[in-house]
Amino acid sequence: MVRLSGLDQQMGDDRLSVACYSVIERDSIRILWRSRRYNWPGGGIEVSGVWGIRTGSDPRMLFGYIQELIGGQIHHLERCNVPDIGASLRAMELTFEHAINRRMESLEHAGGYRDNFSDRVRVDALFGWQALAPQVHSPVDQKAVKKARDLLRDQLNDEQRAQFDATEQFQVIGKDRKTYTIKKARSFNVTGPDGVRYCGQTVDTPLEDQMLAQKLLLENDPEKFFKNCNRSGGAAIDSGIINALAAVAGSLF
Amino acid sequence: MKKIRILDKTGDTEIDFDDSAVTADARKIAEAAFDKAKKSGTPILTKRQGGQPDMVIRKFSEIEDGAEAIFIPAIVAG
């Protein structure tokens, strides 16, 4: 039986709001989804994540770190009168994601937290709260995205194409004969059969090009891909739990 | 005719060429792109005739007629 509870709370900073949800699994694993927004006058930055921890563990160890990391950076940029805080934060999205993932890993290894769950973190700098000057925010090149998507679909086999069209992800058989799942996301979007997630990105290409590059490398030169990847998560977990949690996570996000 | 696709911010840039004098300029551009791809990225041959498997291209001369050579840019740790 899965029970869902939610709460909103202010964390003592008037620019910060937190929404926390927890799922209590029958074998006492607490899985926490969070979405918090850090505000500055021009917009906000949002962090969302899925993290597996034991019941009774204190998630504030991670929340406090994130508040310090991102909130601290915003304060610093404001104090330095940086003219375009949004662009600076956007450039740091990946840095924040890495730092938060590393903190998750270190908390897990320190004990008291479960480390056999496929955690993920995503950081998005948002610019939706006031009009932006064109030089601040580059619009997505839809023509490039379509071209990349068409090329990717053309390079997939029938099964992969059907998977991609339905779910925005597909599976490939690597040269090592292992099955990898490639999802449409910029960071940690490749998942191995053991749950390890890999983050090896192309720079300045549409996301679909990155997915194609990852597919071709895994199939033809996997060492070149893994050599330049960050890794996160791993170890086995009952697939039934993952499916149940993914279904609940999907309804929350 | 040989085709290469360079993955870039436009999606991809296509270059068609063969061994004739007509496409000599395109061939030079393709060869320069191959040298760059080989240094920092990975050039891979796909859609080969006869259903042959994809392969990593080690030499420019390995680009086959009718196949597609996709030049993958450098992968960086994310």
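Heads up: the structure comes first, above all this text.
Structure report, in brief. As the structure is a prediction and not an experimental result, all values here were calculated from the model.

### A word on the pairing of strand 5 (residues 68–72) of chain B
Residue and element names in this part refer to chain B.
Here is step 1 of the chain: The buried fraction of strand 5 amounts to five of the five residues, a majority that puts the element mostly inside the structure.
Here is step 2 of the chain: Here strand 5 shows a buried face lined by Glu 68, Ile 70 and Ile 72 and a second buried face lined by Ala 69 and Phe 71.
Here is step 3 of the chain: Here strand 1 (residues 2–8) pairs with strand 5 via four bridges, running parallel. Paired with Lys 3 across the bridge in strand 5 is Glu 68.
Here is step 4 of the chain: The sheet contact formed by strand 3 (residues 42–46) and strand 5 spans five bridges and is antiparallel. Paired with Thr 46 across the two strands is Glu 68, which belongs to strand 5.

### Quick notes on the side chain of A:Asp221
Here is step 1 of the chain: On the secondary structure map, A:Asp221 appears in the loop between helix 6 (207–220) and helix 7 (222–227).
Here is step 2 of the chain: A:Lys224 provides the closest opposite charge to the buried, unpaired A:Asp221, separated from it by 4.8 Å.
Here is step 3 of the chain: Residues in contact with A:Asp221, not counting those within four places in the same chain, are A:Leu216, B:Thr42 and B:Val56.

Here is what the cut-offs are and how they apply
- Residues numbered from 1 in each chain as written.
- Chains lettered and ligands numbered in written order.
- Predicted model: local features only at pLDDT ≥ 70, side-chain atom pairs only at ≥ 80, totals over all residues.
- Heavy atoms only, no water.
- Buried < 20%, exposed > 50% of the residue type's maximum accessible area, 1.4 Å probe, protein only.
- Helix = DSSP H or I, 4+ residues; strand = E, 2+ residues; numbered from the N terminus.
- Pairing = 2+ DSSP bridges.
- Lys, Arg positive; Asp, Glu negative; His and termini not counted.
- Salt bridge = Lys/Arg side-chain N within 4 Å of Asp/Glu carboxyl O.
- Contact = heavy atoms within 4.5 Å.

Honestly, it's all geometry; don't read function into it.
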